[in-house]
Number of protein chains: 2
Amino acid sequence: MRLSRSFLPTLKETPSDAQIVSHRLMLRAGLVRQTASGIYTWLPAGLKVLRNIANIVREEQDRVGAQEVLMATIQSADLWKRSGRYDAYGPEMLRIKDRHERELLFGPTNEEVITDVVGQELKSYKELPQVLYQIQWKFRDEIRPRFGVMRGREFYMKDGYGFDIDYKGAVDTYRKMMLSYLRTFQRLGVRAVPMVADTGPIGGDLSHEFLILAPTGESGVFYDGALDTLDWLADPVDVDKSEDLEKFFNNVSSYYAATDEKHDDKAWESVPVERRREGRGIEVAHIFYFGTKYTKSMDITVAGPDGAPVHPEMGSYGIGVSRLVGAIIEASHDEAGIIWPDNVAPFKAVILNLKVGDETCDTLCEALYAKAPERFLYDDRSDRAGAKFADADLMGHPWQIIVGPRGAKEGKVELKRRATGERFELTVNEALTKVLSA
Amino acid sequence: MRLSRSFLPTLKETPSDAQIVSHRLMLRAGLVRQTASGIYTWLPAGLKVLRNIANIVREEQDRVGAQEVLMATIQSADLWKRSGRYDAYGPEMLRIKDRHERELLFGPTNEEVITDVVGQELKSYKELPQVLYQIQWKFRDEIRPRFGVMRGREFYMKDGYGFDIDYKGAVDTYRKMMLSYLRTFQRLGVRAVPMVADTGPIGGDLSHEFLILAPTGESGVFYDGALDTLDWLADPVDVDKSEDLEKFFNNVSSYYAATDEKHDDKAWESVPVERRREGRGIEVAHIFYFGTKYTKSMDITVAGPDGAPVHPEMGSYGIGVSRLVGAIIEASHDEAGIIWPDNVAPFKAVILNLKVGDETCDTLCEALYAKAPERFLYDDRSDRAGAKFADADLMGHPWQIIVGPRGAKEGKVELKRRATGERFELTVNEALTKVLSA
């Protein structure tokens, strides 16, 4: 994209109403603009980030056999009356009446809709297990929306729902999802640590929150730093084998990790001192087994192996996609701006033409840009170099390809890595290879 | 995807409440399920179609320099009060009050939001032109939703908005969008003919609807069949050149095309008889120049070349993405089911294993499937052949790769083209090449 023609408005001043760094940087880097309290428009660069995250989530869900569907944002209140949650849900639910005075709502979550759809179609245990997920906008009418997209009202979320014929199957599904989530976060370039969460009346250990370490996190967290070094992408778990899933789950669970609510001083002391990680964490995902809660209340059954009706066992699996945009920035920025992980960045690199109008610079930049116009942002504005550097650092492109008149004459560019500040003097081809293979 | 493990529920019976063929086939082929009046859940196959369409729309928008953004579904009523449309809009607008009794609405369209966002950022004529678009869910509270996704309440739409400094620029943008739309529909495998539509008080000829010919269309249409033979993908229009755009627009406009409202018997007679196409059409897109209507009412200006404030000229550019799923089926089906155009189909081909359990058949099918598991549906169910053929025809996969025990022994398969019924006896590699290169 050519910066001169694009809609990527950056701000020099820090917006006064933004309390946390991710909110400030998202406004300053031109990722979002607020259009109503807790409601945002995603500008081109912000949308690219949102979509990059969603695509990685999707690939990792598909990889473990989950299937994507898409439910409407608007739901009928009748379904929630069937499950018994309509009256129980608080004022965070956006309740709506249509022109015929029928009660609707903007879905804050989708257990009812998916249980209804699946219940109408599935007849036999042979059709299970099924994991269905969607990535869709949801609404929670927060009393005091704040922190930008971290606690907005309309938010983008991946929500998945597992259906199994029995507890054993549901446990396998749960573990499969945990692996999928760990792989997802690793690919996103952040570490999100799974920590046991409340299961309510259901009990057991099948509820985990995933938290990203960042100073603005809402919970205190304590965990074994060994978790940060495990490579889930290289782990040879066969997700179709119960034994493999069990081994994987036991391995994860063997490391200490807890929020302050569940923290256990005694267990903490058994973690070697040099591996103790303590700080604050932002919740970005939650996986939760809840058995037959909805299949019983909504009376959904399939025929079991002996022909008798069985209420399928369910779990729900959520990732806050729009929240992650903020959380990643909270975990990855410096004084100058955002530092995007490679897989999340809106552009792989920015090409900084330091002397627009100089034929050598222009020719070299155009040739570079033509190699991958979708992956490069080309700063072809006739601004001074200082302003270009500041915007590049603010927007957080993983690489800056700096083209000045002196180097250009020799076919050379300077390559800067945003995360480390390292600089390399390279030929055009060397720079291209380094950037595009990252 | 393996059919035995997937959520692709087909129906043998025709649902009694579905009045038109696309609605019936979308239910029978397992593309959608209704969850409330005029509100649908998109099942895996339906979502793939929706996304294939959206991706082609996106590529063709990006190609002409439009930039994608994403606005929230929920808007503040305040913006609509600024433009003066809040009271004027009828009961189709879903009006909502939040927990603080503030007036919100589910966006039926987004002129106000985009004008507000752009107005806050753009300062100078030098930053124009801009075309911003989104593909997002919208809501119109139809009094009597019907025809499935063709006239639903929650619908998926691409809406784009052009901003230019003057009329001449706005005309260029309009023509660029018309070309982009013609290319989009050609790639989708349907012909949508642009027809002059009402411009209201603005006048001029810068309003076109695009209609797909189908017996259930809501308008009568008359057009010159020569339009069906023009190849927009091969047209060498340079969209950055006004002269090219003008030539292109004059060429399109030189062919007769009109809905019954605008039909002119005299002009019709000048179309050679053998080229006259007459029938009914479904509106799937609308492009519309409306000048300074919103920039004036919302008081948005940029500095013109002489420094004086100028209200930018606008146009809006819509494509009904979810509606297109229905419209394409209306235009492309037979007694047995859907006939998907190649670029839209949820799967490139279905592999029909006629004898699951037979080692030769199973081995050959698995080998075929492994070549492109994302693009093939593998019917590995142990049903009888007749049921498999019926489902394959119903779901409308462009190709059927039929694997029976006799052929399999010789490494041969039968390839059936859904659209024509042609059958080819081929080796496995020949079949693969034919299917994957289509």
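Position labels on residues start from 1 in each chain and follow its written sequence. Chains carry letters and ligands carry numbers; both start at the beginning, A for chains and 1 for ligands, and go up in the order they are written. In keeping with the predicted nature of the model, local features appear solely for residues at pLDDT of at least 70, side-chain atom pairs appear and are counted solely at 80 or more, and the whole-chain, interface and lining totals rest on all residues. The basis for every side-chain value is the complete set of heavy atoms in the structure, and neither hydrogens nor water enter the calculation.

By the naming in an unreviewed UniProt entry, chain A goes by Proline--tRNA ligase and is assigned to Acetobacter aceti. UniProt positions are given in the numbering used here, feature names are shortened, and annotations may be inferred rather than shown by experiment. Looking at chain A in UniProt, the text filed under Subcellular location (unreviewed entry) is "Cytoplasm". The Subunit (unreviewed entry) field of the UniProt record for chain A holds the comment "Homodimer."

Help me out: how do you make sense of the sheet that holds strand β6 (residues 103–106) of chain A in this one?
Sheets are built from strands paired through backbone hydrogen bonds, the pairs being either parallel or antiparallel. Residues and elements named next belong to chain A. Taken together, three strands build an open sheet; the order of strands is β4-β6-β5 and the sheet is antiparallel. Each edge of the open sheet is held by one strand with a lone partner, namely β4 (74–76) and β5 (94–97). Neighbouring strand axes in the sheet, compared pairwise and without regard to direction, differ in orientation by 35° on average. Any two strands with at least two DSSP bridges between them are considered paired. We count a stretch as a helix when DSSP gives it H or I for four or more residues in a row; a strand needs E for two or more, and each element gets its number in order from the N terminus. Of the strand pairs in this sheet, β5 and β6 are connected by four bridges, and their pairing is antiparallel. Of the residues in β6, the one forming a bridge with R95 is L105. Axes here refer to lines fitted to C-alpha atoms; in helices the fit is confined to the stretch in contact. Angles between the N-to-C directions go from 0 to 180 degrees.

What's the story with the pairing of strand β1 (residues 32–36) of chain A in this structure? I'm lost.
Each regular strand carries side chains that alternate between the two faces of the sheet. Residue and element names in this part refer to chain A. Residue burial is assigned from relative accessible area. The probe radius is 1.4 Å, only protein chains are included, and a residue is buried under 20% of its type maximum, exposed over 50%, and partly exposed in between. Among the five residues in β1, four count as buried, and that is most of the element. Where β1 meets strand β2 (residues 39–42), four bridges bridge the pair, whose relative direction is antiparallel. Note on β2: the bridge partner recorded for Q34 is Y40. Counted along the chain from β1 to the antiparallel partner β2, the turn is two residues long, and its residue G38 has a positive phi close to 70°.

Help me understand the packing of aromatic side chains in this model?
We describe a pair of aromatic rings using the distance from one ring centre to the other and the angle between the two ring planes. Aromatic pairs are defined between Phe, Tyr and Trp rings, using the six-membered ring for Trp, whenever the two ring centres lie within 6.5 Å; interplanar angles under 30 degrees are classed as stacked, those over 60 as edge-to-face, and all others as tilted. Applying the stated criterion across every chain, the model contains 31 aromatic pairs over all chains. Seen from their ring centres, F222 of chain B and W268 of chain B are 5.5 Å apart, and the 80° between their planes marks the pair as edge-to-face. Of this pair, F222 of chain B sits in strand β11 (residues 219–224) while W268 of chain B sits in helix α7 (residues 265–269), and the two are 46 residues apart along the sequence. Of the two residues, F222 of chain B and W268 of chain B, both sit in the buried class. Clustering of aromatic rings is evident, with ring pairs tying together F106 and F139 of chain A together with F106 and F139 of chain B. Two thresholds decide whether a charge sits over a ring: the Lys NZ or Arg CZ must be within 6 Å of the ring centre and within 35 degrees of the ring normal. The ring of F424 of chain A carries the charged tip of K434 of chain A above its face, separated from the ring centre by 4.4 Å. A cation over a ring is seen here: R276 of chain B above W268 of chain B, with NZ or CZ 5.8 Å from the ring centre.

In this structure, what is going on with the pattern of salt bridges? I would like to understand it.
Between side chains of opposite charge, pairing is possible as soon as their charged atoms come close. Residue and element names in this part refer to chain A. Think of a salt bridge as a Lys or Arg side-chain nitrogen and an Asp or Glu carboxyl oxygen that are within 4 Å of each other. A full pass over the atoms with the stated rule returns 57 salt bridges over all chains. The closest approach of N and O atoms between R381 and D391, which form a salt bridge, is 3.0 Å. Note that R381 is positioned in the loop between β20 (376–379) and α11 (385–395) and D391 in helix α11, a separation of ten residues in sequence. By relative accessible area, which is 15% here, D391 ends up buried.

What's the story with the domain arrangement of chain A in this structure? I'm lost.
All names here are of chain A. Domain borders in the structure are assigned automatically or taken from a domain database. Per the domain assignment, the segments making up chain A are domain 1 (3–338) and domain 2 (349–436). Taking the mean C-alpha position of each, domain 1 and domain 2 sit 37 Å from one another. Every residue pair with non-hydrogen atoms within 4.5 Å of one another is taken to be in contact. On the side of domain 2, eleven residues touch domain 1, which itself brings 13 residues to the contact. Each of two parts loses accessible area, computed with a 1.4 Å probe, when they are put together; buried area is these two losses added. Contact between domain 1 and domain 2 buries roughly 1100 Å² in total, counting both sides, with carbon and sulfur atoms accounting for 60%. Remark: the boundary between domain 1 and domain 2 carries one salt bridge. Measuring nitrogen to oxygen at the nearest pair gives 2.7 Å for the salt bridge that ties R418 to D334.

What is the right way to look at the relation of the copies chain B and chain A in this model?
Here the second copy of the chain follows from the first by a rotation about an axis and a shift along it. To line up the copies, we fit them by least squares on C-alpha atoms, keeping just the residues with pLDDT of at least 70 in both. Once turned by 180° and shifted 0.0 Å along the axis, chain B lies on chain A with an RMSD of 0.0 Å. Considering both components of the superposition, the chain copies are consistent with a two-fold axis. Of every C-alpha in chain B, the one belonging to I96 of chain B sits nearest the axis of rotation, 2.9 Å from it.

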